[in-house]
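Residue-level structure breakdown
Listed here are the chains, written in short residue letters.
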Amino acid sequence: METTIFSNKYDWIVFDLVNFCYKTFPKEKGPLAQFSDKFVYSTAAANAIKSIESLKAKYGHNDTKVVLLVDNYLSRADLTSAFVYADRKNLLAEYKRVRRKEDKEFYNTVNIVRYYFLVSPGNYYSVKIDGLEADDLLKPLLDYRIKQDTALLVTSDLDWSRYLSDKVHCLPSLKDAPETREDLSAKLGFDVSEKNIVLYKAIFGDASDNIKGILPLNSSNLEHFIEFARECPYAEYATVLYRNPDWQKRWPASKVFSEQEGQLRINIQIISTIPVAENIFADNYVKSRSS
């Protein structure tokens, strides 16, 4: 299937801000500049700001809303809050240990980029909630704000692809055209959906998120995974379905699920999003103040 180029402008452009900064900050971040009592990479901040403005001009119209979704910078396993399952700190200790850490100046610079758009004129918004990652903020944004509008998701995080639809596309590479759900489905070899993406990452892992897979990704396992996913109504049901003797005959490699069920459950928990109530989301949904 050829890549579909979406020629229209989008009503919303949503940035996975930390992910975006990883891509737009130069390897040599350049000299530090002092803002108040903090040091930031001024050249890197300028690059990110110009890139966001450029993408808005390219894919937006005059009334397009730009939303910056901001990670808490620490693994959700680092925190306990009303949104975090009580046992996550113990279950995800290893996940927490290997999370990529950046220097404080990197995060200061991300904050400066966010601050710039919070004081800029125009339809800029930002969401950041303690204990939650950008992945967790996207679903409530789609449900409570974007709804039936068109949206472009600017990220290379496969987790975000679970929300692709006829009206929601993604931009994983700044050099390429936006991808549709059909484009990504053809690339991955299965229908992209929330359940299928969770299952795919839980079974095969994701090195970029330090998710340890329980099976190697190869053509045979992918072929059986596609059949398995069709019969699995929701991700957690995988821990029931694999016990079916018929399935163990059809997909012999799935016998490893019994040995790795604990890891499979942990993976599903890590990948699944944490629900956010509408009032909580609204309290943290901040519009630029044009100052």
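Residues numbered from 1 in each chain as written. Predicted model: local features only at pLDDT ≥ 70, side-chain atom pairs only at ≥ 80, totals over all residues. Heavy atoms only, no water.

1. Quick notes on unusual backbone geometry
Excluding glycine, most residues fall at negative phi; most peptide bonds, likewise, are trans. Threshold: Secondary structure counts use DSSP, requiring at least four H or I residues in a row for a helix and at least two E residues in a row for a strand, with both numbered from the N terminus. Burial classes follow relative accessibility: with a 1.4 Å probe on protein chains only, a residue under 20% of its type's maximum area counts as buried, one over 50% as exposed, and anything between as partly exposed.
Residue Lys 147 is not a glycine yet carries a positive backbone phi of 50°. In this fold, Lys 147 is placed in the loop between helix H6 (134-146) and strand S6 (151-154). Exposure remark for Lys 147: the relative accessible area of 56% places this residue in the exposed category. The phi dihedral of Ser 290 falls on the positive side, at around 50°, and the residue is not glycine. With respect to the helices and strands, the residue Ser 290 is situated in the segment after strand S8 (285-287).

2. Topic: H6
To be explicit about the condition: By definition here, a helix of n residues has an expected span of 1.5 Å times n minus one.
End to end, H6 covers just 16 Å across 13 residues, shorter than the expected 18 Å (1.5 Å per residue, more than 12% under). Of the positions making up H6, those classed as buried are Ala 134, Asp 135, Asp 136, Leu 137, Leu 138, Pro 140, Leu 141, Leu 142 and Ile 146. Lys 147 occupies a position one or two residues after H6 and carries a positive phi of about 50°.

3. Digging into the pattern of salt bridges
Rules: A side-chain nitrogen of Lys or Arg and a carboxyl oxygen of Asp or Glu constitute a salt bridge if their distance falls within 4 Å.
Scanning the entire structure with this criterion turns up 12 salt bridges. Here Lys 139 and Asp 143 are joined by a salt bridge, their closest N and O atoms 3.8 Å apart. Note that Lys 139 and Asp 143 are positioned in helix H6 at a spacing of 4 residues, about one turn of the helix. Overlapping salt bridges, with partners in common, bring together Asp 159, Arg 162, Lys 201, Asp 206 and Asp 209 in one network.

4. Structural notes on the pairing of strand S4 (residues 60-69)
To keep it simple, the criterion reads: Each pair of strands is called paired provided DSSP finds at least two bridges between the two strands.
As paired strands, strand S1 (residues 10-16) and S4 are joined by 6 bridges and run parallel to one another. Residue Ile 13 lies in a different strand from S4, and its bridge partner there is Val 66. Inspection of the sheet shows S4 paired to strand S5 (residues 124-127) by 4 bridges, in the parallel sense. Pairing of Val 67 across the sheet is with Tyr 125, part of S5.

5. Some thoughts on the nonpolar core
Under the convention used in this document: Think of a nonpolar core as a cluster: buried Ala, Val, Leu, Ile, Met, Phe, Trp, Tyr and Cys residues, connected wherever their side-chain atoms sit within 4.5 Å. Throughout, a residue-residue contact means that at least one pair of heavy atoms, one from each residue, lies within 4.5 Å.
Counting 58 residues, the largest nonpolar core has Leu 69, Leu 141, Ile 203, Phe 225 and Phe 257 as its most contacted members. If near-sequence neighbours (up to four positions away) are discounted, Leu 69 is found in contact with Val 14, Phe 15, Asp 16, Leu 17, Val 127, Ala 134, Leu 137, Leu 138, Leu 141 and Trp 160.

6. A closer look at the sheet that holds S6
Just so we agree on the cut-off: In this analysis an axis means a line fitted to C-alpha atoms, helices contributing only their contacting stretch, and an angle means the value between N-to-C directions, from 0 to 180 degrees.
Ordered by their spatial adjacency, 6 strands build an open sheet running S7-S6-S1-S4-S5-S8, and the pairing between neighbours is mixed. Taken across any chain shown, the strands that pair with only one partner, and hence form the sheet edges, are strand S7 (168-170) and S8. On average, each strand axis in the sheet is inclined to that of its neighbour by 20°, with strand direction left out of account. Here helix H5 (residues 104-118) sits on the sheet and contacts S4, S5 and S8; the angle it forms with S5, its principal contact strand, is near 135°.

Don't take any of this as a statement about function, it's just geometry.
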